[in-house]
Amino acid sequence: MTSVLEWEATSNPVKENRAGIIGKAVDRYEGPLKVTGTAPYAYEVTPPSPAAYGVMVSATIARGRIAAIDAAAAEASPGVLLVWSHENVPEQGPRPPLYDFFTPFPRPALQSDRVYFFGQQVAVVVADTLENAQAGADLVKVTYEADSQAVDFHAHRHEATEPDSPPEFQLGNREMGDFAAGFAAAPVRIDDVWRTPLQNHCQMEPCAATAWWEGDHLTVHCSVQTVRRNQIALAATLQIPPENVRVLTRYVGGGFGGKSAFYEDTVLASLAARALGRPVKVAFSRQQMMHGTIHRPATEQRVRLGATPDGRLTALSLMTTTHCDRRGFFTEFSSLFVRNLYAAPNRLTGHSVVKLDLPVAGALRAPGEASGTLSLEVAMDELAEKLGIDPVELRIRNEPEADPETGKPFSIRQLVRCMREGAQLFGWDKRNPKPGQVRDGRWMVGLGMAAAIRGNILFPASASFTVDADGVITVRQGMTDIGTGAYTVLAQIAAETLGVPLGDVRVEIGDSELPPAPGSGGQFGAASAGSAALAAGMNLRKAIAELASNDPASPLFGGPAGQVTFQDGVVAIANRSERLADLVRRAAPDGLTAMGEVSPAADSGDWSSHTYGAHYVEVGVDTVTGEVRTRRMLGVFAAGRIINRKTARSQLTGGMIWGVSSALTEGNLVDPRYGSLINQDLAGYMVPVQADIGEVEAIMLDEVDDKANPMGIKGVGELGISGAGAAVANAIYNACGARVRDYPITPDKILAALG
Amino acid sequence: MRTTITVNGEARSMDLDTRTTLLDALREHLRLTGSKKGCDHGQCGACTVLVNGTRINACLSLAVMHDGDEVTTIEGVGAVDGLHPMQVAFLTEDAFQCGYCTPGQICSALGMLREVADNWPSQETQDLTGPVRLTNDELRERMSGNICRCSAYPQIVAAIRSIAGEPA
């Protein structure tokens, strides 16, 4: 196994960046297809023959069983080809009794008469047209026997117990020093409770699948963030070998964690296509997306801070209570990041979970940090006020020299620099620390800030690089691009590594027949997939160099292969050179292919490696209505070497805007009668729209984290949301003096807080 | 029901179920899948197309109501080998990420600029009878029917601004 120190010591074309393609603000590789509407998403691919249409029927109780299904009217409805429920759906691999999100397992559809949550899929109707399928689905009569249910998190949170997730997740209580004694002895204390609501991803593209069979081989296009894992899981569901399943996911209309695994659309399209002997496509409706996929569960977070009068934290605790579905063990790990953020001798963090008869809880953009910073970073603001210390200065005073709990050195940590540069650029010194002092007409204006932190992960990945007789490099990888920019950064890495213009690079991803990569999520995509791409590129360089050195017709013949350079589409040894395309056309007319892979270094756990940032926000609060408007936002981030300043910036500003809505508008209300989500569409679930968002700027510090991976890069997809909502909440307080700890901070709560 | 719609300049005759929306007619019958289905309820704007030059949500309109109409979809705005300036602006400003709302945003932007040119007022318009000045507040208000969950909102403003110019 490699060592982090080896990565740090070894130069490579990405680090050297001779052509300057790394870090450049390059337009999106697949952008022309997206702006012309010609990038086919899962429901839009053209199957070999016309597809039939499936529409799913969803449960209308939270817990119980299906007493009867009357499919007669649906089956007799025009154009209906089949109606399936648990009574007649084909056999599938059984779901494990307790499942997790990290191991591929069978995910069968319509498996039993049991209903575990409102919106669970209970039937599917497939017909010749979409209209006939929808009409048929409306005719399926389902009779339920409801059991008693528990769906109200706040009514049941006292039943929460320690998470039953694997011990390596470290979600249980962890104490350092003596928290209780430290907190009791602290001269200045904060002890408050924050609530965050259930949240939904609301990806613009609802989950969808188009499937067809050729013999015993299945091809399925679906909207998922990972390729290989879903190939394995779908094969296990269908009880066929993985090599008989080809999963494609070339364009994904947003993921945000909600499309890590496939849902019933993919299973039912595959099964129905086999049963009918023709392609079938199935999509979730917007309403089905809310219930039938996953969501971020609600949390209750108690933060206790103890400090000395000069602002040193002596006691630090964030305890999270959350919920998950009865069969799952996902935990929204809102307390984890606290272990890495601030220094304090006495510390207590942990989680407890109550299982409810609600839809399935899961990962949503920056699970843990997104919700947890909404409490801790506001508590720090409260502490700063109590101490009379500037919020930036308070954080700087508690900056640790090494990881506060493990004592491991930081790979690199520029949180303080993010805060200082942000403060200067934003004009933080103009902030009046006393709330309610600045007016602009009917608006009370305030400034707020918060720190951002999000982890850094490297997963095993592989890739292949091919050079063809035209000198074109093709990157092939079972990676996904969910809007993150993966296509583009892979092209940039390839161009810089092989010394060819960007226009001479092709990228093929989103296909299970390509070398496996972990896909998109947890902001690990670019680092993992990109490092494998670099490795493949280096191996292809070696193969090309040896080709030239061994080819008597090449000007490079006989030269040392180790000294071949790659620049502007030309291979050279000193002043001997030829065009890459000429070499390959002559010496390897069928092209040359090389594989590459990356794995975590053996000693990667010896460092504390994270991404950091600082958010600054100006809001206006309407004196009459309590409405909050974000006027301007600035984020300063340190996330390693940036491959593409354009796509990275978009991810960061996108995340910051998610922070705004997590503070102000987002949240699903649970109907305690039915266990349903009351706001189950985009008119009721308030994602931000254009009018909600003012100026947003993200700045990326020059940084290299050479211990993170061979390229010294990290991810930015989740950093932007972490802390952003807390900065909004702090700005609201500064504007008007309302401290609302029950998110979202809606006008009614602000008016109530103001009295 | 036999329905003829001129789509992107070409008369397209279809035998349609009366329940078929304009969006599904475009996507499923004509295979013009650039218009997206994000909610099927007129809440997200991903299906925005231009009908006789005016932007509408194609999911909220039945196809048979459009017999004789002229419909422009994103495919009619510009192709990869001949991008419309608005498409170039979206590309240059990185006014999208996942790309699913993008065709609707671009069609909406084109329709919006025409509404401004015709002095249609919006909630943000101070003078309801005078010429409309496309301030950033006007622009944001008028583009608020198109949700971008990736939240490329500032870049979308920049892209449209690069075409529309600064307010007079």
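Source: prediction; values computed, not measured. (Residues numbered from 1 in each chain as written. Chains lettered and ligands numbered in written order. Predicted model: local features only at pLDDT ≥ 70, side-chain atom pairs only at ≥ 80, totals over all residues.)

### What to know about the overall build of chain A
Within chain A one finds 20 helices and 31 strands. For chain A, the C-alpha radius of gyration of 27 Å lies close to 27 Å, the compact-globule estimate for 755 residues. Projected onto its principal axes, the C-alpha coordinates of chain A cover approximately 85 × 75 × 50 Å. A sequence separation of at least 24 residues applies to 81% of the contacts in chain A between residues at least 6 apart. (Helix = DSSP H or I, 4+ residues; strand = E, 2+ residues; numbered from the N terminus. Rg over C-alpha atoms; globule rule 2.2 N^0.38 Å. Contact = placed C-beta atoms within 7 Å.)

### Re the sheet that holds strand β22 (residues 505–509) of chain A
Residue and element names in this part refer to chain A. A sheet is described by the order of its strands in space; here 4 strands give the open sequence β22-β21-β20-β26, paired in mixed fashion. Whereas interior strands pair on both sides, the edge strands pair on one side only; in this sheet they are β22 and β26 (592–598). Pairs of neighbouring strands in the sheet enclose a mean axial angle of 20°, with direction left out of account. Direction of pairing for strand β20 (residues 461–467) relative to β26: antiparallel, over a ladder of 7 bridges. Residue Ser-464 lies in a different strand from β26, and its bridge partner there is Met-595. Strand contacts of helix α15 (residues 486–498): β20, β21 (473–477) and β22, with the helix running at about 135° to β22, the strand carrying the most contacts. (Pairing = 2+ DSSP bridges. Axes fitted to C-alpha atoms, helices over the stretch in contact; angles between N-to-C directions.)

### What about the domain arrangement of chain A?
Residue and element names in this part refer to chain A. As assigned here, chain A comprises domain 1 (4–39 + 459–599) and domain 2 (400–455 + 608–755). Between the C-alpha centres of domain 1 and domain 2 there is a distance of 36 Å. On the side of domain 2, 22 residues touch domain 1, which itself brings 28 residues to the contact. For the side of domain 1 that touches domain 2, the secondary structure elements donating two or more residues are α1 (4–9), α2 (13–16), α15 and α16 (525–549). Looking at the side of domain 1 that touches domain 2 element by element, the count peaks at 6 residues for α16. Within the side of domain 1 that touches domain 2, the residues separate by chemical class into 13 nonpolar, 11 polar and 4 charged. (Domains from an automatic or database assignment. Nonpolar A, V, L, I, M, F, W, Y, C, P; charged D, E, K, R; others polar.)

### Focus on the domain arrangement of chain B
All names here are of chain B. The assigned domain composition of chain B is domain 1 (2–77) and domain 2 (85–164). Each of domain 1 and domain 2 was reduced to a C-alpha centroid, and the two centroids are 21 Å apart. Contact with domain 1, which involves 16 residues of that partner, is made by 15 residues of domain 2. Of all the secondary-structure elements, those providing two or more residues to the side of domain 1 that touches domain 2 are β3 (48–51), β4 (54–57) and α2 (74–77). Ranked by residue count, the leading element in the side of domain 1 that touches domain 2 is β3, at 3 residues. Across the side of domain 1 that touches domain 2, the residue classes break down as 7 nonpolar, 7 polar and 2 charged.

### A closer look at the sheet that holds strand β2 (residues 10–15) of chain B
Residue and element names in this part refer to chain B. Strand order in the open sheet made by the 5 strands is β2-β1-β5-β3-β4, with mixed pairing throughout. Bordering the open sheet on either side are β2 and β4, each of which pairs with just one other strand. Strand-to-strand twist across the sheet, computed as the mean angle between neighbouring axes with direction ignored, equals 40°. Relative to β2, strand β1 (residues 2–7) runs antiparallel, the two being bridged by 6 bridges. Residue pairing for β2: Thr-6 is matched across the bridge by Ala-11. Here helix α4 (residues 102–117) sits on the sheet and contacts β3 and β4; the angle it forms with β3, its principal contact strand, is near 40°.

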